[in-house]
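Listed below, chain by chain, are the residues.
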Amino acid sequence: MRDCFDGDCTLPLSKPTTIPLDAAKFHYSSLRVTAISADSLTFSVAYPQGGGAESSIGPGLGGASFGFRGSPSIEVGLTQAGGKPALVLQPGAIT
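As a starting point, this report considers the structure included with it. (Residues numbered from 1 in each chain as written. Predicted model: local features only at pLDDT ≥ 70, side-chain atom pairs only at ≥ 80, totals over all residues. Heavy atoms only, no water.)

1. Re the sheet that holds strand β8 (residues 84-94)
The four strands are arranged β1-β8-β7-β6 in an open sheet whose pairing can be described as antiparallel. Only two strands of the sheet have a single neighbouring strand rather than two, namely β1 (9-12) and β6 (60-66). Neighbour to neighbour, the strand axes of the sheet diverge by 25 degrees on average, direction disregarded. Sheet analysis places strand β7 (residues 72-81) next to β8, joined by nine bridges and oriented antiparallel. In the sheet register, I74 faces β8, and the bridge partner there is P91. (Pairing = 2+ DSSP bridges. Helix = DSSP H or I, 4+ residues; strand = E, 2+ residues; numbered from the N terminus. Axes fitted to C-alpha atoms, helices over the stretch in contact; angles between N-to-C directions.)

Here's what the structure looks like:
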């Protein structure tokens, strides 16, 4: 999971997990995958000042993203890797 710290990875998953992120770069310290299957991915991001957001997406990249003003956004996707559902993260534009 440390491979995703820079916001750029494809990570096969079989259960919910927390992905650490570079808070100095992205403003957010982690992304929590709450459910994953071949057809859908549900994740949440906690806001540093409290609260947060949750989103569900289907297969593909760019179905969801999150970011903070002045920081790069992170695009979130779902794909298959080695026959397993996989989380895809890619850095996006500065918001």
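2. Section: the packing of aromatic side chains
What the rule picks out here adds up to three aromatic pairs. Ring geometry for Y28 versus F66: centroids 5.5 Å apart, planes at 75 degrees, classification edge-to-face. Of this pair, Y28 sits in the loop between α1 (23-26) and β3 (30-36) while F66 sits in strand β6; the two residues are 38 residues apart in sequence, bridging distant segments of the chain. Between F43 and F66 the ring centres are 6.3 Å apart and the planes differ by 45 degrees, which places this aromatic pair in the tilted class. With a gap of 23 residues between them, F43 in strand β4 (residues 41-46) and F66 in strand β6 connect regions that are remote in the sequence. Considered together, F43 and F66 belong to a single accessibility category, that of buried residues. (Phe/Tyr/Trp six-rings, centres within 6.5 Å; stacked < 30°, edge-to-face > 60°. Buried < 20%, exposed > 50% of the residue type's maximum accessible area, 1.4 Å probe, protein only.)

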